[in-house]
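# Per-entry structural report
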Amino acid sequence: MNILLMSMPDCAPHFNARRWKSPNLAISSIAGNIEGHNVFLADLILRRDRIPETVRELMVRYRPDVVGLTAMSFQFATARRIASLIKSLNNDIKTVLGGYHATLMYNEICTSDESAPFDFLIRGEGDLCFNELLEAINTRRTIESVLGVSFRDGGSFVHNPARPLEDLSKIKIPDRSRRIWNGYQYYGFTLDIVESSRGCVMPCNFCSMDKMYGKTFRRFSVERILADISNAKQQGANFIVFSDDNFTLDIKGFESICDAIVDAGHNDIRYIIQASSSGIASSQTLVEKMARAGFRIVFLGIENVSEENLRLMKKGNIIEKTKLAVKRLHEQNIMIVGGMIIGNPNDKEEDIARNYEFFVDLQIDFFADQILTPYPKTGMRDELLNAGLITNIGDYSRYNCFWANIKTNYLGPEDLQFLRWKYNKKYANYICTTPAFIKNYPLAYYYRHYFRRPFLRLKNKFFGNNVGEVELYKRDMASAEAMNKFF
Ligand code: B12
């Protein structure tokens, strides 16, 4: 059979869709584990400007018998539109939805019109499950025997029992050679994704991960991780994002990976990881090894400067650990993307401002300033629902941490939206001026500081149509609103 796997084109507005074009690891991993079929991978982020036309062309060119779609919650509406388009072109093509939204919301999807364009949903890990589903479609086994699948039976869906977590040693490395387009990038580098582990045991209640893996942690073997890096490099990658939710859950394991990367000579490229402040703060040796292995950017879950807010997120008081983690990373010239969550129940404007000031005091290199989002099935959603603080309950297309879907006890959703914009703008000129940034990217710094910014200032002075703050805000929101309109 011909199998086409697609990831969605939707991009969160605070991601620069022109500079950050990431392949999707889920579909590459599933492709690596399909046996005996022709597989094609389409990351639609690479064709954002002409989605309906592209989908039509894909149907003609690859003639798929089965199409698999992956979607996070904010991408689900697009996945439905694309699946509907496919069905309208050829109703015999089988459509399969997988990923976080399908896993968390299968019951709600399957008991509403939202399921109309889908034949199957896969809940949980799909690497081996999808291949079993293909066997069932080919009548080599019964559909009832495929754990983790929901399928149509007459007018309604049947949900097979949940699939136990996979034995990671059985999952082959992703097949990146099946990608049909080039152009993956991160600010001029060629980007790819590799995973070293699955799962997280931390208690943070805003995160969806434990609904995929439970509170568990499994590591791939070092040999498999090296083979995966090597494969990504062969496909041209020179910047790799590790998909692990928290790289520092197993410090000794992480140190071994750093050593193995150096021994294998894979420290000739750059790596980005996500990590917790507590993990990074716990070992000086680890941070030194990370620097040697090529780890250049750490997405650090700082989240907030307020002890009360950290407690509500079930993070514990990590402020001192954050300071130590930042110091250690910067000593090694590793840059930090600081995760910041604003819009906690008791936030006023001054609390939001304090977070930005805290980030500047710490010389955090890039801000990932996000509005608290009540993701489906999270503990945080239940708490906010009970407190009557969720203002958008059902339109998940806005659940990407950019849009305010909540209010606080003092600020409405419009206030929150505006304040995020206001403080993000206030510090826009600070970004890319930190010592770690200058050491990593001196040319980019000098270009921006001595050429681009003065040029833009002059351009604004002579040709800018001097609009006020409110007008500027409205323009920015309108362009964010338009970003994911594909149909
Ligand atoms: C890496 C990552 C990113 C990367 C890259 C994303 C990409 N292009 O793939 C970056 C940093 C860009 C990113 C950004 C965001 N992310 Co993110 N991300 C992750 C992370 C850490 C790993 C995803 C991954 O690659 N896992 C490895 C693969 C193999 O696993 P998988 O994707 O789960 O796929 C498996 C199954 O889900 C299933 N499956 C998935 N799809 C399909 C499809 C089919 C057909 C089948 C059969 C099976 C199947 O099978 C796969 C193999 O087992 C997850 C958390 C986590 N650890 O899972 C969050 C996560 C997916 N992200 C999340 C979010 C919210 C975002 C942002 C919106 C956050 C933000 N505002 O900044 C942005 C949006 C980005 C955008 N597109 O604009 C949420 C999604 C929650 C939800 N309910 O939708 C997660 C779960 C994190 C969380 N805290 O809860 N992310």
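Structural data are supplied above this passage.
What comes next is a walk through the structure. (Residues numbered from 1 in each chain as written. Predicted model: local features only at pLDDT ≥ 70, side-chain atom pairs only at ≥ 80, totals over all residues. Heavy atoms only, no water.)

### Here we look at the packing of helix α15 (residues 413-426) against helix α18 (residues 469-482)
The test is simple: Every axis in this analysis is a line fitted to C-alpha atoms, fitted for helices over the stretch in contact. Angles between the N-to-C directions lie between 0 and 180 degrees. Strands are runs of DSSP state E lasting at least two residues, helices are runs of H or I lasting at least four, and both sets are numbered from the N terminus onward. Angle categories are assigned with fixed cut-offs, so that under 35 degrees is roughly parallel, over 145 is roughly antiparallel, 65 to 115 is roughly perpendicular, and the rest are oblique. In this description, contact between two residues means that some pair of their heavy atoms is separated by no more than 4.5 Å. In this count, Pro and Cys sit with the nonpolar residues alongside Ala, Val, Leu, Ile, Met, Phe, Trp and Tyr, while Asp, Glu, Lys and Arg are called charged and the others, Gly among them, polar.
Where α15 contacts α18, the axes come no closer than 11 Å and their chain directions differ by 100 degrees. Between α15 and α18, the crossing angle belongs to the class labelled roughly perpendicular. Packed against α15, whose contacting residues are E414, Q417, F418, W421, K422 and K425, the element α18 presents E469, L472, Y473, D476 and M477 at the interface. Considered class by class, the residues forming the contact of α15 with α18 number 5 nonpolar, 1 polar and 5 charged.

### Details of the sheet that holds strand β16 (residues 335-342)
In a beta sheet, neighbouring strands pair by backbone hydrogen bonds and run either parallel or antiparallel. Stated precisely, the cut-off is as follows: When DSSP finds two or more bridges between a pair of strands, those strands are recorded as paired.
Here we have 6 strands laid out as an open sheet, ordered β10-β13-β14-β15-β16-β17, and parallel in their pairing. With partners counted over all chains shown, the strands left at the sheet margins are β10 (191-194) and β17 (366-371), one partner each. Put simply, the sheet's adjacent strands are angled 20 degrees from each other on average, direction ignored. Examined bridge by bridge, β16 and β17 share 6 bridges and lie parallel to one another. Within the sheet, the bridge partner assigned to I342 lies in β17 and is I371. In this fold helix α10 (residues 284-293) packs onto β14 (270-275) and β15 (295-303), with an angle of close to 135 degrees to the strand it touches most, β15.

### Side note on the site of the ligand
How we decide: To be near a molecule or strand, a residue needs just one of its heavy atoms within 4 Å of it. Polar contact is defined as a pair of N or O atoms within 3.5 Å, subject to the rule that within protein one atom must be able to donate a hydrogen and the other to accept it, and that residues adjacent in sequence are counted only when both atoms are side-chain atoms.
Taken together, 45 residues lie near the ligand, and A12, T70, Y100, D127 and N400 sit nearest. Contact between the ligand and S208: an oxygen atom at 2.9 Å from a main-chain N or O atom of the residue. Between the ligand and the protein, one listed contact pairs a nitrogen atom with a backbone N or O atom of N400 at 2.6 Å. Broken down by secondary-structure element, the contributors of at least two residues to the shell around the ligand are α1 (25-32), β4 (66-70), β5 (94-98), α4 (100-110) and α6 (210-213). Within the shell around the ligand, the residues separate by chemical class into 23 nonpolar, 16 polar and 6 charged.

### Examining the sheet that holds β5
The strand order β3-β1-β4-β5-β6-β7-β8 describes an open sheet built from 7 strands, whose pairing is mixed. Whereas interior strands pair on both sides, the edge strands pair on one side only; in this sheet they are β3 (38-43) and β8 (156-159). Taking the axes of each pair of neighbouring strands and ignoring which way they run, one obtains an average angle of 20 degrees across the sheet. Here 6 bridges tie strand β1 (residues 2-7) to β3, and the two strands are oriented parallel to one another. Looking at the pairing, S7 lines up with D43 of β3. On the sheet, helix α2 (residues 51-62) packs against β1, β3 and β4 and is oriented at approximately 160 degrees with respect to β1.

### A few points about the packing of aromatic side chains
Rules: Each pair of aromatic rings taken from Phe, Tyr and Trp, with Trp reduced to its six-membered ring, is defined by centres within 6.5 Å and is described as stacked if the planes are under 30 degrees apart, edge-to-face if over 60, and tilted in the remaining cases. When a residue's accessible area, from a 1.4 Å probe over protein chains only, is under 20% of the maximum for its type it is buried; when over 50% it is exposed; and in between it is partly exposed. By definition, being over a ring means that NZ of Lys or CZ of Arg is both within 6 Å of the ring centre and within 35 degrees of the ring normal.
Taken as a whole and judged by the stated rule, the model has 33 aromatic pairs. With a centroid separation of 5.2 Å and 85 degrees between ring planes, the pair formed by W20 and Y186 is classed as edge-to-face. Here W20 is found in strand β2 (residues 20-21), whereas its partner Y186 is found in strand β9 (residues 185-186), with 166 residues between them in sequence. Each member of the pair, W20 together with Y186, is buried. Seen from their ring centres, F367 and Y430 are 5.6 Å apart, and the 35 degrees between their planes marks the pair as tilted. Taken together, the residues F367 in strand β17 and Y430 in the loop between α15 and α16 (435-440) connect sequence positions 63 residues apart. Residue class for Y430 comes out buried when judged on its relative accessible area of 15%. Taking NZ or CZ as reference, R224 lies 4.0 Å from the ring centre of F220, over its face. A cation sits over an aromatic face here: K348 above Y410, 4.5 Å from the ring centre.

### Topic: the environment of H266
Examined against the element boundaries, H266 turns out to sit in the loop between α8 (251-263) and β14. Each C-alpha atom, one on H266 and one on G294, is 8.2 Å from the other, the two residues being 28 residues apart in sequence. Not counting chain neighbours up to four residues away, the residues in contact with H266 comprise L226, I229, S230, K233, I261, Y271 and A293.

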